[in-house]
Amino acid sequence: MSGFSEDMPFFDEPNARPSAPSGIAARAMAARSGHNNAPDYLKGLNPEQRLAVETTEGPVLVLAGAGTGKTRVLTTRIAHILATGRAFPSQILAVTFTNKAAREMKQRIGLLVGEAVEGMPWLGTFHSIGVKLLRRHAELAGLRSDFTILDTDDVVRLIKQLIQAEGLDDKRWPAKQFAQMIDGWKNKGQGPVDIAEGDARAFANGKGRELYKAYQERLKTLNACDFGDLLCHPIRIFRANPDVLKEYHKRFKYILVDEYQDTNTAQYMWLRLLAQRPQSSPLEGEVPAKRAEGVAAGGTAQSSNASSTAARTPPDRASPGHPPLKGEGNQRHSTVNICCVGDDDQSIYGWRGAEVDNILRFDKDFPGATIIRLERNYRSTAHILGAASHLIAHNEGRFGKTLFTDRDEPEDGKVHVHAAWDSEEEARAVGETIESYQRQQHNLNDMAILVRASFQMREFEDRFVTLGLNYRVIGGPRFYERLEIRDAMAFFRVVAQGADDLAFERIVNVPKRGLGEATIRQIHDTARALRIPMLEAAAKLAESDELKPKPRAALREVSANFERWQKALENTPHTELAETILEESGYTDMWKNDRSVEAPGRLENLKELIRSMEEYESLRSFLEHVALVMDSEQNAELDAVNIMTLHSAKGLEFETVFLPGWEEGLFPHQRALDEGGRSGLEEERRLAYVGLTRAKKNLHLWFVSNRRIHGLWQSTIPSRFLDELPEAHVEVAESGNSYGGYGNSYGGGSFAPGRGGQGGSQGAGRQNPYGASRFDNVGAGNEKSGAFSNSYATPGWQRAQANRTEATDRNWGSRSGHQVERIGYGETDSGYGAGRTSVKGHTIDGELVAKSVADKPSAFSVGDRVFHQKFGNGNISSIEGNKLTIDFDKAGQKRVLDGFVAAV
DNA sequence: GTGTGTGATGTTTTT
DNA sequence: CATCACACAC
């Protein structure tokens, strides 16, 4: 077994013959799995999973629903390929999106095949494999193999320089925006010559294309590339050098792709080049570009639906139709052994270039593909699955899977839907629920709050702080994005790669050495004029007398420092060198002398940085990994509630999940609707689906009737997604919301401002806040358990219904986009005098979306005495459109929308 | 260079 | 409203 790593160099030989592995493989198999015919690793797989593992030849698409054992299939499949001697470890290309996924996969393969996993140099993220390819063939892209990888921050700074150099106003043309445009282009695999004329014109007075070109040239002189290049350069290299591509065709016997629904066009092109062998596609070069056009046009839904029906595998049948190991013995390899695993229903990254279409038309791209569905869910209760499946069924462009489970435990609760008056109450109630779970011996670690937008987190954090409840926020600011880390890295980068001007510029004057803008400009100009890196230019300038004494001395010191460190690079352990650099540059001292509150933390982070360097064998390899690895570890030891966005929850699971903020405008998010139209809505729905399917046992959804958006209170209506949940699996829980003394109605009754007239004054009744206890909640819930329909009959809910009835899901097709004027609750709810906010519904591809718009002058005037349900009585002090500034007797001055107050 | 003031901005995030 | 980035003045 140990032989594997020793044999590695041999494995890595691209020319190793495919028929050779039998001996080693046999050894491997015997070593790890006993001697019977069905190896251990296949045991415990269900029939579909097993089919997905054993169908090694030809293109395979595994549609793996949430919680159906996707990773298990992927890893077992690799183990199977290795154990049966189909390929050497080094002949398998396995790509993931995140480092986390790659790590997990590696670890799990390791459990199955032992050290053979170490021989898998081509297991990694798209980007890390891209780097590897690019380092090998850098010269074909006009780079040296020691190129640096710039992160977004560097890129923006660089572009800013270019915009200024172009004589353009960098305010009118923000560098950040252009960086995003470039990113978008690269996601589509487009270089400066490929971009659409319109796109090129749209930026910088029509100079978009030139700017993009200039950017690429600048990167080349810097011997650097951005993230997008890690994909685009290899694509270009493959296209321009068939012999190179051929080498990889020979090498990669098996290709596996994780989360295929998240691939963007560039990644698709990249995969296609590698997977499509010449004989099967003579035109591969033009295929992707052509296709990219077709993709946008849509119209794939039907075709994929049709094909999916054809290829459909009933969950209870092991589909013997496809004899798995056809290719044994004959090593012709004209078929493409590519296996993509994904779930079209979990595609939630369209906004950053992912093309769901890639997965939807897999069988068009790879004719004769086997499509295997994994629908047996091992994660959630039947209620949760039922709710999720019903919701996602509202989407059109999808393969269509139905998750099922064998679990049928009667004690499993339904999915709970809760209403709250506002986000504060929402946080409070969630906190209470969490505490009650905690009393039932649930670990906080097993609970998660998944929000649509990160601003929602704060309210929960605040609440948990006052409760003294541990929580952890996942996906916050990343370690490597911190100022001090980036500074330190810049030092290291200049040492490792003297031509890294961006890094040099970042730290020439750190700590402050009196090298101001003027000096830096001069260095810059000298460097450009002589076509040398800035570091060299700085050394030259320091020796000339073109500078004033002070900057000259400073510069001399800087360049002497770097010269010394660069020399030390050869013979000093890298962690030691790193420490020396930070010491000698005065960087650590700088923070030691800083008495701001952050300083100690920053020093701590620097220590952590050095510590993490130990895992790498050299400064260079460290820098490379860090450029690609942006995720930071969280301490799992602490028992704490997890708070994160829905996006970052993908792939995770929790016993208990809370999903707050299910309101129109927030979820689905207004902007997704405005910018994405129907597909935007569908992506939001998939996000909802992801959220629901994270839960194993308990699932609580929340919506509030009032939310503060951009500083002012707005009324909200329940998310349409709530309507799309099946009643059979959902239970609307009435939460006690008597806190704060705004009314004795239950959540259901107070959905919206437009509730019964007398409720207003009564609501003001001072109910003792302490009078309410958790038991009230319980009581309320039970008492009103028949309240399911009750709740759905509340004004807010009915309004939501009414707004939607005529534009049902079926009507989407019409791209009419006509505007439907609809007067909101102001007019329809007669009971409430102040409902003057008009709600202007407008259609998005036929789907009605409620939107608050100030299109009517307020009916109030300054000085009016009014009542607000949250803040009580007050006088209007000023009016702007429908926004009122009110001096409340108790609450002080607030700005609220006029729909929220009633004349007294 | 540090500090204050102004103004724009206000989803989701990986690499 | 609240935050952050940037510009300007000391």
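Residues numbered from 1 in each chain as written. Chains lettered and ligands numbered in written order. Predicted model: local features only at pLDDT ≥ 70, side-chain atom pairs only at ≥ 80, totals over all residues. Heavy atoms only, no water.

What about the pairing of strand β1 (residues 60-64)?
In the case of a regular strand, side chains alternate between the two sheet surfaces. Along β1, 5 of the 5 residues are buried, which leaves the element largely enclosed by surrounding structure. Residues of β1 alternate between two faces, with V60, V62 and A64 on one and L61 and L63 on the opposite face, all of them buried. In the sheet, β1 pairs with strand β8 (residues 370-374) via 5 bridges, with the strands oriented parallel. When the bridges of β8 are listed, A64 appears paired with L374. Across 4 bridges, β1 lies against strand β7 (residues 338-342) in parallel orientation. Bridge pairing links L63 to G342 in β7. (Buried < 20%, exposed > 50% of the residue type's maximum accessible area, 1.4 Å probe, protein only. Helix = DSSP H or I, 4+ residues; strand = E, 2+ residues; numbered from the N terminus. Pairing = 2+ DSSP bridges.)

Observations concerning the sheet that holds β8
Here we have 6 strands laid out as an open sheet, ordered β3-β2-β6-β7-β1-β8, and parallel in their pairing. Edge positions in the sheet fall to β3 (123-125) and β8, since each of these pairs with one other strand and no more. Here the average twist between neighbouring strands, direction ignored, is 15°. Each of β2 (92-96), β3 and β6 (254-257) touches helix α7 (residues 126-136); the most contacted strand, β3, lies at about 110° to it. (Axes fitted to C-alpha atoms, helices over the stretch in contact; angles between N-to-C directions. Contact = heavy atoms within 4.5 Å.)

Here's the deal with the protein's contact with DNA strand B
Every one of the 23 residues lining DNA strand B counts as a neighbour, but N99, R452, S454, R478 and T645 are closest to it. Protein-proximal atoms of DNA strand B, defined as those within 4 Å of the protein, fall in sugar or phosphate at a share of 55%. One nitrogen or oxygen atom from the side chain of W351 is found 3.3 Å from a base oxygen belonging to DNA strand B. At 2.7 Å from a base oxygen of DNA strand B is found a side-chain nitrogen or oxygen belonging to R452. It is helix α32 (residues 670-692) that contributes the most residues to the surface near DNA strand B, 3 residues altogether. The class makeup of the residues in the surface near DNA strand B is 7 nonpolar, 10 polar and 6 charged. (Near = heavy atom within 4 Å. Polar contact = N/O pair within 3.5 Å; in protein donor to acceptor, adjacent residues only side chain to side chain. Nonpolar A, V, L, I, M, F, W, Y, C, P; charged D, E, K, R; others polar.)

With respect to helix α20 (residues 423-439)
Given 3.6 residues to a turn, an α-helix orients residues that are three or four positions apart in the same direction. Helix length check: α20, at 17 residues, gives a terminal C-alpha distance of 24 Å against a target of 24 Å (1.5 Å per residue), a fit within 8%. Counting buried positions along α20 yields 13 of 17 residues, so the element is predominantly enclosed. Directly after α20, the chain includes Q441, whose backbone phi takes a positive value near 70°. (Expected span 1.5 Å × (residues − 1).)

Description of the protein's contact with DNA strand C
For DNA strand C, the full set of nearby residues is K171, R458, H710 and G711. Of all DNA strand C atoms lying within 4 Å of any protein atom, the proportion belonging to sugar or phosphate reaches 56%. Across the surface near DNA strand C, the residue classes break down as no nonpolar, 2 polar and 2 charged.

Section: the packing of aromatic side chains
Following the criterion strictly, the structure yields 25 aromatic pairs and no others. With a centroid separation of 5.9 Å and an interplanar angle of 90°, the aromatic rings of Y260 and F362 are classed as edge-to-face. One end of the pair, Y260, is in the loop between β6 and α14 (265-275); the other, F362, is in helix α18 (residues 362-365), and 102 residues separate them in sequence. For the pair shown, Y260 and F362 are each scored as buried. (Phe/Tyr/Trp six-rings, centres within 6.5 Å; stacked < 30°, edge-to-face > 60°.)

Let's talk about the packing of helix α24 (residues 517-530) against helix α25 (residues 534-543)
Contact geometry of α24 with α25 gives a least axis separation of 8 Å together with a crossing angle of 110°. Considering the angle they form, α24 stands roughly perpendicular to α25. Facing α24, whose interface residues are I520, Q522, I523, H524, T526, A527 and L530, α25 presents M534, A537, A538, K540 and L541. A breakdown of the residues in the contact of α24 with α25 according to their chemical character gives 8 nonpolar, 3 polar and 1 charged. (Parallel < 35°, antiparallel > 145°, perpendicular 65-115°, else oblique.)

So, the nonpolar core
Membership of the largest hydrophobic core comes to 52 residues, with the highest contact counts inside it found for F492, F504, L555, F562, L609 and F622. The residues touching L609, leaving out its near neighbours within four places in the chain, are F479, Y480, I485, A488, M489, F492 and F622. Counting 49 residues, the second largest nonpolar core, distinct from the first, contains V95, Y268, I338 and C340. (Core = buried A, V, L, I, M, F, W, Y, C linked by side-chain atoms within 4.5 Å.)

Describing the state of the cysteines
Simply put, disulfide is the name for a covalent bond between the sulfur atoms of two cysteines. Here the structure, examined in full by the defined rule, presents 0 disulfides. Cysteine C225 remains unbridged, with the sulfur of C232 as its closest cysteine sulfur at 10 Å. A relative accessible area of 0% places C225 in the buried class. Just so you know, C340 is unpaired, no disulfide at all, and the nearest cysteine sulfur is the one on C339, 6.8 Å from it. Since its relative accessible area comes to 0%, C340 is described here as buried. (Disulfide = S-S within 2.5 Å.)

Some thoughts on the confidence of the model for chain A
On average, residues of chain A score 75 in pLDDT, and 72% of them reach the 70 mark or higher. Across chain A, the element-wise mean pLDDT spans from 21 in helix α38 (residues 825-828) up to 97 in strand β13 (residues 654-659). In this model, residues 1-35 is a region of pLDDT below 50 whose contacts with residues beyond four sequence positions or in other chains number 47 contacts. Throughout residues 280-333 the model reports pLDDT below 50, and contacts reaching past four residues in sequence, or to other chains, amount to 65 contacts. (pLDDT = per-residue confidence, 0-100.)

Regarding a negative patch on the surface
On the surface, E576, E579, E583, D589, E614 and E615 cluster together into a patch of negative charge. Residue position: E579 is located in helix α27 (residues 574-584). We classify E579 as partly exposed; its relative accessible area is 45%. (Patch = residues over 30% accessible without salt bridge, like charges linked within 9 Å, V, L, I, M, F, W, Y side chains within 5 Å. Areas by Shrake-Rupley, 256 points an atom, 1.4 Å probe, with all protein chains shown as cover. Salt bridge = Lys/Arg side-chain N within 4 Å of Asp/Glu carboxyl O. Lys, Arg positive; Asp, Glu negative; His and termini not counted. Charge placed at Lys NZ, Arg CZ, Asp CG, Glu CD.)

Points about the pattern of salt bridges
Here the structure, examined in full by the defined rule, presents 47 salt bridges. In this structure, D501 and R218 form a salt bridge, with 4.0 Å as the shortest nitrogen-oxygen distance. With D501 in helix α23 (residues 501-507) and R218 in helix α11 (residues 208-222), this pair connects stretches of sequence that are 283 residues apart. This pair shows no difference in class: D501 is buried, exactly as R218 is. R379 is the partner of E653 in a salt bridge, and the nearest nitrogen-oxygen pair spans 2.7 Å. Of this pair, E653 sits in the loop between α31 (646-649) and β13 while R379 sits in the loop between β8 and α19 (382-392), placing them 274 residues apart in sequence. Since its relative accessible area comes to 9%, R379 is described here as buried. Connected through salt bridges with shared partners, the residues D151, D153, D154, R157, R486, D487, R493, D500 and R506 form a single ionic network.

Some details on the environment of V451
For V451, the location among the structural elements is in strand β10 (residues 447-451). What makes V451 buried here is its relative accessible area of 0%. Not counting chain neighbours up to four residues away, the residues in contact with V451 comprise Q456, M457, F460, M644, T645, L646 and P660.

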